[in-house]
Every structure is written in C-alpha cells, then in structure tokens.
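Residue-level structure breakdown
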Amino acid sequence: MKWEEFVKLTDNLPVIDSEMLLVGVVNPSSVKVQLDRWRKSGKLIQIRRGIYILAKPYRKLDIYEPYLASIVKSPSYVSLEKALEFHNLIPEAVSIYTCITTKRPYKFVSKLGIFDYRHIKQSLFWGYESVTVNKQTGFIACPEKALLDFFYLREVKVSFDYIEELRLENLEKINLEKLFVFAKRFNKPGILRDAKMIKEYIELEIKKEKLL
C-alpha cells in the first residue's frame, strides 16, 4: 500500500489499530514492515505495540489527550495537576499528564506530550469521570479525587502555606462533603487530615471574599 492510500483510509481516525489493517491481508508481515518504515520516517507515531496515530501534517482529526492517555495504558485516568488544570482549579498550564493506573508505573514521551503513569491499588481506583471530545472518550479525576490523589502520591505535608503555594482558585467547584467521603475511603488518617485542612482553608477563603 502506498502512503497516499494509507492516509486516505486513516486520516479521520483518532488512532490506527494495525490489527484492523491486517484483517484479510494475504501478507501481514509486509504491512508491518511498511508501518515500521513510516514510523521511522516520522509519518506515524507509535502509541504502543500495534497502535499508531498519523503525524500532525497528515491527520484531519485533533487528538484528545485524555483519550490518548487511556489508550497508552488501560485502565487509567488523568489526575493530579493535569486534572486540577482541567477543572480550572489552578491557573498554570501543566505539560505532564500524570495518570493513575492499577498496573505498573510507566512513562510515555512523545510529540503529543509526556504521560506519566502512577500505580495505585485497586481499592483506590475510583473518583473519575468520562469526558468525550470529538467522539474520543478519556477519563479524568473529579476535583476532589484529583486533590486527594495529589496528596497521597506526592506524600506532602499539607499546611495552609502549602495550599497557598498550589494557588488554588474557583474553590466553589470543590464539594466538601464529597471530599470527606472520598478521604474516608482512602482509610488513611493522613489523607483525612489533609481533607480537614483543605476544608478549613476553603472556608477561610470564602469568609475573606465576603468581607471584600
């Protein structure tokens, strides 16, 4: 197959599954060789074994990064700083997609970004929601779980000064009742203390706003 034909077949696909391309092919090895050549030339970007996307000049469809994160390693969901950015809880743009998975830790670096997968035990793999953009579905931690995942995995000592450094904003998006329900599910005294600290901080900030 020529490159132009391949692009016509795949330029509207978010990802390309080589197994689908090999269905009914008489000589699958020749297709695999072609894919590898296009990968080496930069026309294709390999996401993982058998999964590719077209390089930017050739694809018509923008890739939704949280969807890509779920393809690189499944099951997983985006959390920590990137989820806080998604929910507009921090002002900075975050370059690294830190993801939570029940599988082994993994780091994937590509032209589309850096995807850093952090392991968490199965009992803590919850608190995320599905988000669909351009028919591509990704999974992102809700605000409360993103905060608790951050404290749990970063192993930080939470204080008012530390919370100030996070520069949290739009605090009304944090459901304090849900935050405590989630914190209890961690079954970690330290996480519950962190939740109480966040609650005190938010309540204090709300009082300050009312006085303005």
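These notes cover the structure that comes with them. (Residues numbered from 1 in each chain as written. Predicted model: local features only at pLDDT ≥ 70, side-chain atom pairs only at ≥ 80, totals over all residues. Heavy atoms only, no water.)

1. Quick word on the pairing of strand β2 (residues 44-48)
Going by this rule: Note on pairing: DSSP must find at least two bridges between two strands before they are called paired. Each helix corresponds to a stretch of at least 4 residues labelled H or I by DSSP, and each strand to a stretch of at least 2 residues labelled E; elements are numbered beginning at the N terminus.
One ladder, built from 4 bridges, connects β2 with strand β3 (residues 51-54); its direction is antiparallel. What sits directly across from L44, in β3, is L54. Where β2 folds back on β3, the antiparallel hairpin that results is connected by 2 residues, among which G50 adopts a positive phi of roughly 85°.

2. Observations regarding the side chain of S18
What counts, and what does not: Contacts are assigned to residue pairs that have any heavy atoms within 4.5 Å of one another.
Examined against the element boundaries, S18 turns out to sit in helix α2 (residues 18-21). Apart from the residues within four sequence positions on either side, S18 is in contact with L35, G50 and Y52.

3. Some words on the packing of aromatic side chains
Counted only if it meets this: Between 30 and 60 degrees the pair is tilted, below 30 it is stacked and above 60 it is edge-to-face, where a pair is any two Phe, Tyr or Trp rings, Trp via its six-membered ring, whose centres lie within 6.5 Å. Partly exposed describes any residue whose relative accessible area lies between the buried limit of under 20% and the exposed limit of over 50%, with all areas from a 1.4 Å probe on protein chains only and scaled to the type maximum. Put simply, a charge is over a ring when the Lys NZ or the Arg CZ is close to the ring centre, within 6 Å, and near the line of the ring normal, within 35 degrees.
A full pass over the atoms with the stated rule returns 17 aromatic pairs. The interplanar angle of 65° and the centroid separation of 5.0 Å between the aromatic rings of W126 and F182 together place this pair among those described as edge-to-face. Taken as a pair, W126 in the loop between β7 (113-119) and β8 (128-133) and F182 in helix α8 (residues 176-186) lie far apart in primary sequence, 56 residues in all. We note that W126, like F182, is buried. When the ring centre of Y97 is taken as reference, the NZ or CZ atom of K82 above it lies at 4.6 Å.

4. Brief notes about the packing of helix α6 (residues 143-154) against α8
Inclusion rule: Lines are fitted to the C-alpha atoms to define the axes, a helix being fitted only along its stretch in contact, and any angle between axes, read from their N-to-C directions, falls within 0 to 180 degrees. Angular relationships are summarised with four words: roughly parallel below 35 degrees, roughly antiparallel beyond 145, roughly perpendicular across 65 to 115, and oblique for the angles in between. Here a crossing is called left-handed whenever its near helix is offset anticlockwise from the far helix by less than a right angle, and right-handed whenever the offset is clockwise. In the scheme used here, Gly and all other residues not listed as nonpolar or charged are polar, with Ala, Val, Leu, Ile, Met, Phe, Trp, Tyr, Cys and Pro taken as nonpolar and Asp, Glu, Lys and Arg as charged.
Orientation of α6 relative to α8, taken along the N-to-C sense of each, is 40°, at an axis distance of 9 Å. The orientation of α6 relative to α8 falls into the category oblique. Relative to α8, α6 is oriented so that their crossing is right-handed. The residues of α8 that touch α6, namely those facing E144, K145, L148, D149 and Y152, are K178, L179, F182, A183 and F186. Classifying every residue of the contact of α6 with α8 gives 6 nonpolar, no polar and 4 charged.

5. Re the sheet that holds strand β1 (residues 16-17)
The strand order across the open sheet built from 3 strands is β1-β3-β2, with neighbouring strands paired in antiparallel fashion. Two strands close off the open sheet at either side, each with one partner strand: β1 and β2. The strands touched by helix α3 (residues 28-41) within the sheet are β2 and β3, with β2 carrying the most contacts at an inclination of about 110°. Across the face of the sheet, helix α4 (residues 65-72) comes into contact with β2 and β3 while running at roughly 55° to β2.

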